[in-house]
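Chain by chain, the residues:
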Amino acid sequence: NLGAESIAIHMTTLLGASYGTPEERAEIRRRRGFISTNALEKDRFPEAIHHIKVFRNQADKARVFYKYTPEMGSIRFLKNLGRRTSLT
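Quick caveat, the model's predicted, so the values are computed rather than measured.

Caption draft 1: Quick peek at unusual backbone geometry. In this model, Ile28 sits at a positive phi of 50°, which is unusual for a non-glycine residue. Inspection of the secondary structure assignment puts Ile28 in the loop between α1 (22-27) and β3 (50-56). Of note in the backbone geometry, Glu41 takes a positive phi value of approximately 55° without being a glycine. Checked against the element boundaries, Glu41 lands in the loop between α1 and β3. Glu41 gets classed as partly exposed once you look at its relative accessible area, which sits at 24%.

As structure tokens, this is what we get:
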């Protein structure tokens, strides 16, 4: 399914003490990555393969993160077809 259900826009997350070091929180970066398997909310977005999530820190700085998660066992390639993009 490549329709609207393939895109999940998650709620914004405020970075707490569990998100790395104070410096990492200030810069909104983390060595381990931001969007974990649990954060994908598969029960809420069962068809989603594109996940978009905003993380912000206490200083109200924010970054948008994207994660691509095709179905297990299948491989999909993103092709640029000029002005439009297609998943195959």
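Caption draft 2: Structural detail: the nonpolar core. Grouped together as the largest cluster of nonpolar side chains are 8 residues: Leu15, Tyr19, Ile28, Phe34, Ile35, Ala39, Leu40 and Phe55. Look past the residues within four positions of Ile35 in its chain and what remains in contact with it is Leu40, His51, Lys53, Phe55, Phe65, Tyr66 and Lys67.

Caption draft 3: Layout of the pattern of salt bridges. Overall, the coordinates contain 4 salt bridges when judged by the stated rule. With a shortest N-O distance of 3.8 Å, Arg29 and Glu24 are connected by a salt bridge. The exposure class assigned to Arg29 is partly exposed, which follows from its relative accessible area of 40%. Taken together, the shared-partner salt bridges connect Glu24, Glu27 and Arg29 into one network.

Caption draft 4: How the structure looks around the pairing of β3. Relative to β3, strand β1 (residues 7-9) runs parallel, the two being bridged by 3 bridges. Bridging from a neighbouring strand, Ile7 pairs with His50 of β3. Taken together, the 2 bridges between strand β2 (residues 13-14) and β3 define a ladder with parallel strand orientation. Among the inter-strand pairings, Thr13 is bridged to a residue of β3, identified as Phe55. Taken together, β3 and the strand that follows it, strand β4 (residues 62-68), pair antiparallel across an intervening segment of 5 residues, in which Asp60 is found at a positive phi of about 60°.

Caption draft 5: Layout of the packing of aromatic side chains. Enumeration over the complete set of coordinates arrives at 2 aromatic pairs. Among the aromatic residues, those joined into a ring-pair cluster are Tyr19, Phe55 and Phe65. The cationic tip of Lys53 hangs over the ring face of Phe55; the distance from NZ or CZ to the ring centre is 5.6 Å.

What counts, and where the lines are drawn
- Residues numbered from 1 in each chain as written.
- Predicted model: local features only at pLDDT ≥ 70, side-chain atom pairs only at ≥ 80, totals over all residues.
- Heavy atoms only, no water.
- Helix = DSSP H or I, 4+ residues; strand = E, 2+ residues; numbered from the N terminus.
- Buried < 20%, exposed > 50% of the residue type's maximum accessible area, 1.4 Å probe, protein only.
- Core = buried A, V, L, I, M, F, W, Y, C linked by side-chain atoms within 4.5 Å.
- Contact = heavy atoms within 4.5 Å.
- Salt bridge = Lys/Arg side-chain N within 4 Å of Asp/Glu carboxyl O.
- Pairing = 2+ DSSP bridges.
- Phe/Tyr/Trp six-rings, centres within 6.5 Å; stacked < 30°, edge-to-face > 60°.
- Lys NZ or Arg CZ within 6 Å of the ring centre and 35° of its normal.

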